[in-house]
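Summary of structural features
Each chain is listed here by its residues.
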Amino acid sequence: MATLRTKPDPRKLSAAEEELFHTFYLMRRGFDRALDVQLQRDDGISISELEVLMALVRSPGRRLRVRDLVALTGWEKSRVSHQVTRMAARGLLEREDCAEDRRATWIRLSGDGRRVVVRALPKHTATIRRILFDALSDEQQDELLAISRRMTEAMGEEPDHPEP
């Protein structure tokens, strides 16, 4: 006779689930922090600044509209605006009017911003390699890639809301 398997209560975590979540959380936050500390120490920029600079480096003409930067970073528009203002004041990027849409503004990578990226990337990449790639076997990297893709997909799915 088949036994019925009951679904766990989605509002509670088992001890093993709590341990997994806590360890994953510490790893995720620690990785972000290690990257930020390295960038601040070696190049005087934050991980957020590098994220903006890299979005501009990868864009055609090394420029983006604010709305495109919002979409690429996943940040709120106000956060992007404040970040852009601070970075423009430091000379890392420039604002320019958008002839195609007078309501929009182009954000362009400046020469200083490009130099910062060129200087920072080798050390930043070495830090990523040390923490992520050197710590995992090829098989573990493949598993992590599959897990990351699945979790990213799950973030876009509608959650099940249990009855109270």
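Below is a summary of the structure that appears in this document.

**Comments concerning the overall build of the protein**
Looking only at helices and strands, one finds six helices and three strands in the protein. In summary, the protein has a C-alpha radius of gyration of 21 Å against a globular reference of 15 Å for 164 residues, an excess of more than 25%. Each of the three principal axes of the protein carries a C-alpha extent, and together these read 70 × 40 × 25 Å. Within the protein, the fraction of its 164 residues that count as buried is 25%. Of all intrachain contacts in the protein linking residues separated by at least 6 positions in sequence, the fraction that spans at least 24 positions is 53%. As presented, the protein carries roughly 12,300 Å² of accessible surface, and 55% of it is formed by carbon and sulfur atoms. A distance of 7 Å separates the average location of the 29 positive side-chain charges in the protein from that of its 28 negative side-chain charges.

**Things to note about the packing of helix 1 (residues 15-43) against helix 5 (residues 111-133)**
At a closest axis distance of 10 Å, the pairing of helix 1 and helix 5 adopts a crossing angle of 150°. Here helix 5 runs roughly antiparallel to helix 1, going by the angle between their axes. The element helix 1 and its partner helix 5 pack so that their crossing is right-handed. Contacts between helix 1 and helix 5 pair F31, A34, L35, Q38, L39, D42 and D43 from the former with R119, A120, K123, H124, T127, I128, I131 and L132 from the latter. Of the residues in the contact of helix 1 with helix 5, the class split is eight nonpolar, three polar and four charged.

**Observations regarding the pattern of salt bridges**
Using the criterion set out here, one finds nine salt bridges in the structure. The salt bridge partner of D43 is R119, with a shortest N-O separation of 3.1 Å. Of this pair, D43 sits in helix 1 while R119 is found in helix 5, placing the two residues 76 residues apart along the sequence. Among the salt bridges present, the one from R150 reaches E153, with a minimum N-O distance of 3.4 Å. Of this pair, R150 and E153 are both found in helix 6 (residues 138-156), three residues apart, which corresponds to roughly one turn of the helix. Among the residues examined, R150 registers a relative accessible area of 42% and is labelled partly exposed. Here E153 falls in the partly exposed class, since its relative accessible area comes to 48%.

**A closer look at the nonpolar core**
The biggest cluster of nonpolar side chains holds 22 residues, and the ones touching the most others in it are I45, V52, L53, L56, L69 and L93. Contributions of two or more residues to this core are made by helix 2 (47-58), helix 3 (66-73), helix 4 (77-89), strand 3 (105-109) and helix 5. Filtering out sequence-adjacent residues up to four positions away, L53 remains in contact with I45, M87, L92, L109, G113, V116 and V117.

What counts and what doesn't
For every chain, the first residue of its written sequence is number 1, and the numbers climb from 1 along that sequence. Since the coordinates come from a predicted model, pLDDT governs what is reported: local features require at least 70, and pairs of side-chain atoms require 80 or more to be given and counted, while whole-chain, interface and lining totals use all residues. To get the side-chain values, take all heavy atoms of the structure and skip hydrogens and water. Comment: elements are numbered from the N terminus, with helices defined as DSSP H or I runs of at least four residues and strands as E runs of at least two. Atoms considered for the radius of gyration are the C-alpha atoms alone. The globule rule reads 2.2 Å times the number of residues to the power 0.38. Buried residues are those whose accessible area, probed at 1.4 Å on protein chains only, stays under 20% of the maximum for their type, while exposed residues exceed 50% and partly exposed ones sit between those limits. Contacts between residues were defined by any pair of non-hydrogen atoms, one from each residue, lying within 4.5 Å. For the accessible areas, the method is Shrake-Rupley and the probe is 1.4 Å, while residue cover comes only from the protein chains on display. A residue counts as positive if it is Lys or Arg and as negative if it is Asp or Glu; His and the chain ends are not included. Taken as the charge location is NZ of Lys, CZ of Arg, CG of Asp or CD of Glu. Note on geometry: axes are lines fitted to C-alpha atoms, helical ones only across the stretch in contact, with angles between N-to-C directions running from 0 to 180 degrees. The cut-offs work like this: below 35 degrees is roughly parallel, past 145 is roughly antiparallel, 65 to 115 is roughly perpendicular, and the gaps in between are oblique. Note on convention: near helix rotated counterclockwise from far helix by under a right angle means a left-handed crossing. Clockwise means right-handed. Charged means Asp, Glu, Lys or Arg here, nonpolar means Ala, Val, Leu, Ile, Met, Phe, Trp, Tyr, Cys or Pro, and polar covers whatever is left, Gly included. The rule for a salt bridge is simple: a side-chain nitrogen of Lys or Arg has to be within 4 Å of a carboxyl oxygen of Asp or Glu. Take the buried residues of types Ala, Val, Leu, Ile, Met, Phe, Trp, Tyr and Cys, join any two whose side-chain atoms come within 4.5 Å, and each joined set is a nonpolar core.

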